[in-house]
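This is what each chain is made of:
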Amino acid sequence: MRKVIKRLVCIAIVVLIQALLCSVARAEARFEISYDKAVASGPIAGRVILVIARLERPEPRFQIGPNTAPIFGVDAESLQPGHPVTIDQNTFGHPVDSLLQLPAGDYYIQAMLNVYTKCQRSDGRTLWVHWDMGGRFLNVSPGNLYSDVQKVRLDPAVGYKVNLLLNRVIPPADQPKDTKWIKHIQIKSELLSKFWGVPVYLGATVILPKGYDDRTDVRYPVVYAQGYVGSPAFYFNEDPNSAKQQEGLRASSNVQPGYEFFQEWTSERFPRFLLVTFVEPCPFFPDGYGVNSANNGPYGDAVTQELIPYVEKQFRAIGKPHARLLEGASTGGWESLSLQVKHPDFFGGAWIYNPDPIDFRRYLLVNIYEDENAFTAPGRSWIPAERPMRRSADGQVNLTVRQVSQFEAVLGSKGRSGYQFNAWEAIYGPVGDDGYPRPLWDKRTGKIDREVASYMRENGYDLRHYTEKNWPTLGPRLAGKLHFISGDMDNFYLNLAVYLFEDFTRQATNPKSDATFEYGRPMKGHSWHSKNFADLLREMAEQVKKNTPAGDSRAWSEY
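Residues numbered from 1 in each chain as written. Predicted model: local features only at pLDDT ≥ 70, side-chain atom pairs only at ≥ 80, totals over all residues. Heavy atoms only, no water.

A. Inspection of the overall build of the protein at higher detail. The number of helices and strands found in the protein is 14 helices and 25 strands. Since a compact globule built from 559 residues should have a radius of gyration of about 24 Å, the 27 Å found for the protein is in line with a globular shape. Principal axes of the C-alpha set define a box for the protein whose edges measure 115 × 55 × 50 Å. Each of the 559 residues in the protein was classed as buried or not, and the buried ones make up 55%. Considering only residue pairs separated by 6 or more positions, the protein has 72% of its internal contacts joining residues 24 or more positions apart. Roughly 24,300 Å² of accessible area belongs to the protein as shown, and the carbon and sulfur atoms make up 50% of that amount. (Helix = DSSP H or I, 4+ residues; strand = E, 2+ residues; numbered from the N terminus. Rg over C-alpha atoms; globule rule 2.2 N^0.38 Å. Buried < 20%, exposed > 50% of the residue type's maximum accessible area, 1.4 Å probe, protein only. Contact = heavy atoms within 4.5 Å. Areas by Shrake-Rupley, 256 points an atom, 1.4 Å probe, with all protein chains shown as cover.)

Encoded structure:
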């Protein structure tokens, strides 16, 4: 009898376990997201993004970032009001792969819809992409939809179904206001509008020198500061209360606070320049990088043939190569070098700070020509070594290539995340069979496409390779024009490609290179500056004066 009872108990336990397992297997994690007809009449195409945050503030949509609040995304096509799209346990997410990996607990959730525009490009391809003519990220881009924040209890063991309504729309952004010192312009780019099949506008923010309004007979040299997405160059700020807020920049990167620079800018006997930053909106990134691209279109031509001539005519620029200088950090560093080497007779010098990779053997830490995988370093037979993407100045890794790649895969399909790796692929890479940028590596696995890598090099986007290949003709036209500055512990490992560029210049012959290189040591990170902005402009002024042709006016430097 005892044996029978024992057997029955065992059977009951097995049945109970099986029932529990079936219950878990049947548990469903599901979100249904629709939009209110009051905010859009539809149909809409775009990317629906769900954010699941532990913190209520800031709003979950403002917590979007690599390895931060979990996000999940799906495409929506011809979506009508009230018709939901579904995000469930099969939807890929970041930093957790699935909703079922979320620990049970209370969360604050919010959904967004990144709205796409249909573009009939001049190359015959039809694309659906997001346009923001101000170069803003999707969570603040006017016209995008979002929901109210909800607090919910999520437990994957028992399952859940949550409905979210996109009932709000991001309003139009306030236009920047002109001041005595700062002016804003916007023009329609005929070149880019023709390429994209929709109106595309370029903008510029211009800082005027002291005496500009009084000395109407004076023409000025220009510093084209890259990578600011229309913000005033050199953090220029007329508000004395801003000085304390920006002191952190000085401590971390030796960057001069904007109000302190403003005081020098308006002082006596300071070099009189025009300072110009660009707004180059692009559907794959906030900035078009100032270079012609198969995916993005003719941004290089648009900047040099449309935007710069307009600025120089409107603001009494000298308008000659010796009086056009370039400066930029990170994205702007790459742009400055690219504009200088691809237009060597148009610009008179470039100050290049910690540029995005300028030698693709050091695409951060990846050698895209030889490595098989972007996520892990080669040569490890047992435990793979993850590729870092970002570190602190003392070496602590805080993001990996895998994490950022998978974040981008969630944020947007077909290269439409608006983030860094997708941006480079759109700028440097070929068009894929579907009309969208062909990926350099698979964002889920890290496998590198060597054909894409070769395309990038052969089409001139590996700037060290381009410069070395064309050195016999480029070298004489770049004399005195290249100045590199980088921290030795750049947070994105960008110093490594600068070292390779320096190796090339040290070995260059016919002609020899006079490019200069300055490195911040020890433990100097991203955007480290060797001197403050005011002293940089003094250095630039000396270069312009030295290269001013005999007989040309130097009135800009004489008051």
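B. Region of interest: the packing of helix α8 (residues 401–411) against helix α9 (residues 420–428). Between α8 and α9, whose axes approach to 8 Å, the crossing angle comes to 75°. Between α8 and α9, the angle falls in the class roughly perpendicular. Packed against α8, whose contacting residues are Val401, Val404, Ser405 and Glu408, the element α9 presents Gln420, Phe421 and Asn422 at the interface. Its residues placed into classes, the contact of α8 with α9 shows three nonpolar, three polar and one charged. (Axes fitted to C-alpha atoms, helices over the stretch in contact; angles between N-to-C directions. Parallel < 35°, antiparallel > 145°, perpendicular 65-115°, else oblique. Nonpolar A, V, L, I, M, F, W, Y, C, P; charged D, E, K, R; others polar.)

C. Here's a closer look at helix α13 (residues 495–507). Look at α13: 19 Å from first C-alpha to last across 13 residues, which is about the 18 Å you get at 1.5 Å a residue. Along α13, the residues that are buried comprise Asn495, Leu496, Ala497, Val498, Phe501, Glu502, Phe504 and Thr505. Among the structural elements, α7 (331–342), β22 (388–391), α11 (463–469), α12 (471–474), β24 (482–487) and β25 (516–520) are those in contact with the buried residues of α13. (Expected span 1.5 Å × (residues − 1).)

D. Molecular detail of the confidence of the model for the protein. On average, residues of the protein carry a pLDDT of 94, and 95% of them reach 70 or more. This stretch, residues 19–25, has a pLDDT under 50; its non-local contacts, to residues over four places away or in other chains, come to one contact. (pLDDT = per-residue confidence, 0-100.)

E. Up close: the side chain of Glu502. One can find Glu502 in helix α13. Since its relative accessible area comes to 17%, Glu502 is described here as buried. Among residues more than four places away in sequence, those in contact with Glu502 are Phe517 and Tyr519.

F. Representation of helix α14 (residues 533–547) within the structure. For α14, built from 15 residues, the straight-helix expectation of 21 Å at 1.5 Å per residue is met to within 8% by its first-to-last C-alpha distance of 21 Å. Looking at α14, one finds that the buried residues are Phe533, Ala534, Leu536, Leu537, Met540, Ala541, Gln543 and Val544. Contacts made by the buried residues of α14 are with β14 (222–226), α5 (258–265), β15 (274–279), β18 (324–329), β19 (350–353) and β24. The residue sitting at the N-terminus of α14 and contributing the capping side-chain oxygen is Asn532; that oxygen lies 3.2 Å from the backbone nitrogen of Ala534. (Polar contact = N/O pair within 3.5 Å; in protein donor to acceptor, adjacent residues only side chain to side chain.)

G. The arrangement of the packing of aromatic side chains in detail. Per the stated rule, a full pass over the model turns up 39 aromatic pairs. Here the aromatic rings of Tyr428 and Tyr461 are separated by 5.8 Å at their centres, their planes lie at 35°, and the arrangement is tilted. Taken together, the positions of Tyr428 in helix α9 and Tyr461 in the loop between α10 (450–458) and α11 put the pair 33 residues apart, joining distant regions of the chain. Relative accessible area serves as the criterion here: at 0%, Tyr428 is assigned to the buried category. The class for Tyr461 is buried, based on a relative accessible area of 7%. Ring-pair connections join several aromatic residues into one group, and the members of that group are Trp181, Tyr228, Phe234, Tyr235, Phe236, Tyr259, Phe261, Phe262, Trp265, Phe270 and Phe533. One cation-aromatic arrangement involves Arg324 over Phe346; the distance from NZ or CZ to the ring centre is 4.0 Å. For the cation-ring pair, Arg444 lies above Phe92, with the distance from its terminal atom to the ring centre recorded as 3.6 Å. (Phe/Tyr/Trp six-rings, centres within 6.5 Å; stacked < 30°, edge-to-face > 60°. Lys NZ or Arg CZ within 6 Å of the ring centre and 35° of its normal.)

H. How the structure looks around the environment of Thr68. For Thr68, the position within the fold is in the loop between β2 (44–53) and β3 (71–79). Sequence spacing of Thr68 and Leu102 is 34 residues, and the spatial spacing of their C-alpha atoms is 13 Å. In this view, Thr68 contacts Gln63 and Pro95; residues no more than four positions away in its chain are not counted. A polar contact is formed between the side chain of Thr68 and the backbone oxygen of Gly65, at a distance of 2.7 Å.

I. Focus on the sheet that holds β19. One open sheet accounts for eight strands, arranged β12-β13-β15-β14-β18-β19-β24-β25; its pairing is mixed. Every other strand in the sheet has two partners, leaving β12 (182–188) and β25 as the edge strands with one partner each. Along the sheet, successive strands turn relative to each other by an average axial angle of 20°, direction set aside. Of the pairings in the sheet, the one linking β14 to β15 comprises four bridges and is parallel in character. Residue pairing across strands places Val222 opposite Leu274, the latter belonging to β15. Contacts between α7 and the sheet are confined to β14, β18, β19 and β24, with β18 contributing the most and set at about 150° to the helix. Strands β24 and β25 of the sheet are contacted by α13, whose axis makes an angle of about 150° with β25. (Pairing = 2+ DSSP bridges.)

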